[in-house]
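Residue-level structural notes
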Amino acid sequence: TRKQDMIHFQYYRCSGEIKNNHCGMPRLQADRIEGVVWEKVKELIRKPILIRKAVEKKAASLIMDKQTLDSKTEELNQELKNIDEQNARMFEAYRKGIIAVEQLDRELAKIKTDQEGLENSRQNLQKASETREKLLAAMDGLLERLKAIRLTGREEYLVQYRLLVGLFLRVF
């Protein structure tokens with residue numbers, strides 16, 4: 001905004017900048033880019049195959065991510081099983097008089113810390129898996145909606161635009 005002329009300009013900026021985290025991206029003057037964006041949105045609505053390809057690409061990456069999630073979950077489950085075995089060995093060593101109670105306490109504390117970290121990691125993987133499933137469901141909904149979108153009058157077009165943007169934000 002220039003105060004002397006009282007001309008107001010609207011800008012798009014990185015949300016990190018709003019939170020005082022400077023990301024280095026420039027501000028973009030709204031009136032200069034909205035036309036370009038609007039034309040791209042109209043193109044996407046006219047050619048939903050472009051959106052479908054982007055969604056299918058994202059879905060393919062999520063499927064590959066499922067394999068990674070499953071593999072990491074299995075690794076964590078094995079490590080947690082090993083933790084249980086470590087606990088049993090420590091108690092057995094104490095029972096046989098190989099280690100003193102102080103050493104048992106120290107070792108059990110280390111094992112407990114490791115176990116808590118592994119359990120937190122497993123919870124994070126579970127959340128990632130749930131998020132993945134929600135994204136896949138949202139993408140399915142987006143593909144279904146794309147089949148129904150047709151260019152019509154400006155008012156309905158704006159409604160469709162808002163719907164499309166909303167769905168994109170949920171998926172990507």
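Here the structure is shown first, and the text comes after it.
Report follows, based on the coordinates.

So, about the overall build of the chain. When helices and strands are tallied, the chain shows five helices and two strands. For the chain, the succession of helices and strands along the chain, N to C, is β-α-β-α-α-α-α. Relative to its 172 residues, the chain shows a buried fraction of 23%. Nonlocal contacts in the chain, meaning residues at least 24 apart in sequence, comprise 58% of its contacts between residues at least 6 apart. When the accessible surface of the chain is summed, it comes to about 12800 Å², and 53% of that surface belongs to carbon and sulfur atoms.

This part covers the pattern of salt bridges. In total, this model carries three salt bridges according to the counting rule given. A salt bridge links Glu92 to Arg95, with the nearest nitrogen and oxygen atoms 2.4 Å apart. Of this pair, Glu92 and Arg95 both sit in helix α3 (residues 48–95), three residues apart, roughly one helical turn. Note on Glu92: relative accessible area 29%, which makes it partly exposed. Given the relative accessible area of 60%, Arg95 is considered exposed. Close ionic contact of Lys96 with Glu92 constitutes a salt bridge, the shortest N to O distance being 3.6 Å. For Lys96, a relative accessible area of 55% translates into the label exposed.

Side chains of Asp84, Glu85, Glu116 and Glu119 sit close together on the surface and give a patch of like negative charge. Contributing elements (two or more residues each) for the negative patch: α3 and α4 (101–148). Here Glu119 falls in the partly exposed class, since its relative accessible area comes to 31%.

Rules and cut-offs
- Numbering of residues starts from 1 in each chain and follows the order in which that chain's sequence is written.
- It should be noted that, the model being predicted, local features are given only for residues of pLDDT at least 70 and side-chain atom pairs only at 80 or more, the latter also being counted only at that level, while totals for whole chains, interfaces and linings use all residues.
- Computation of side-chain values covers all heavy atoms of the structure but excludes hydrogens and water.
- Counting from the N terminus, the helices are DSSP H or I runs at least four residues long and the strands are E runs at least two residues long.
- Note on exposure labels: buried denotes an accessible area under 20% of the residue type's maximum, exposed denotes more than 50%, and partly exposed covers the range between, all computed with a 1.4 Å probe on protein chains only.
- The criterion used for residue contact is that any of the two residues' heavy atoms lie within 4.5 Å.
- Accessible areas in this description were obtained via Shrake-Rupley with a 1.4 Å probe; residue shielding takes into account the shown protein chains only.
- When a carboxyl oxygen of Asp or Glu lies within 4 Å of a side-chain nitrogen of Lys or Arg, that pair is called a salt bridge.
- Residues enter patches when their relative accessible area tops 30% and they take part in no salt bridge; the joining distance is 9 Å for like charges and 5 Å for the nonpolar side chains Val, Leu, Ile, Met, Phe, Trp and Tyr.
- Charge assignment in this entry is limited to Lys and Arg as positive and Asp and Glu as negative, and neither His nor the chain termini are counted.
- Positions of charges follow a simple convention, taking NZ of Lys, CZ of Arg, CG of Asp or CD of Glu.

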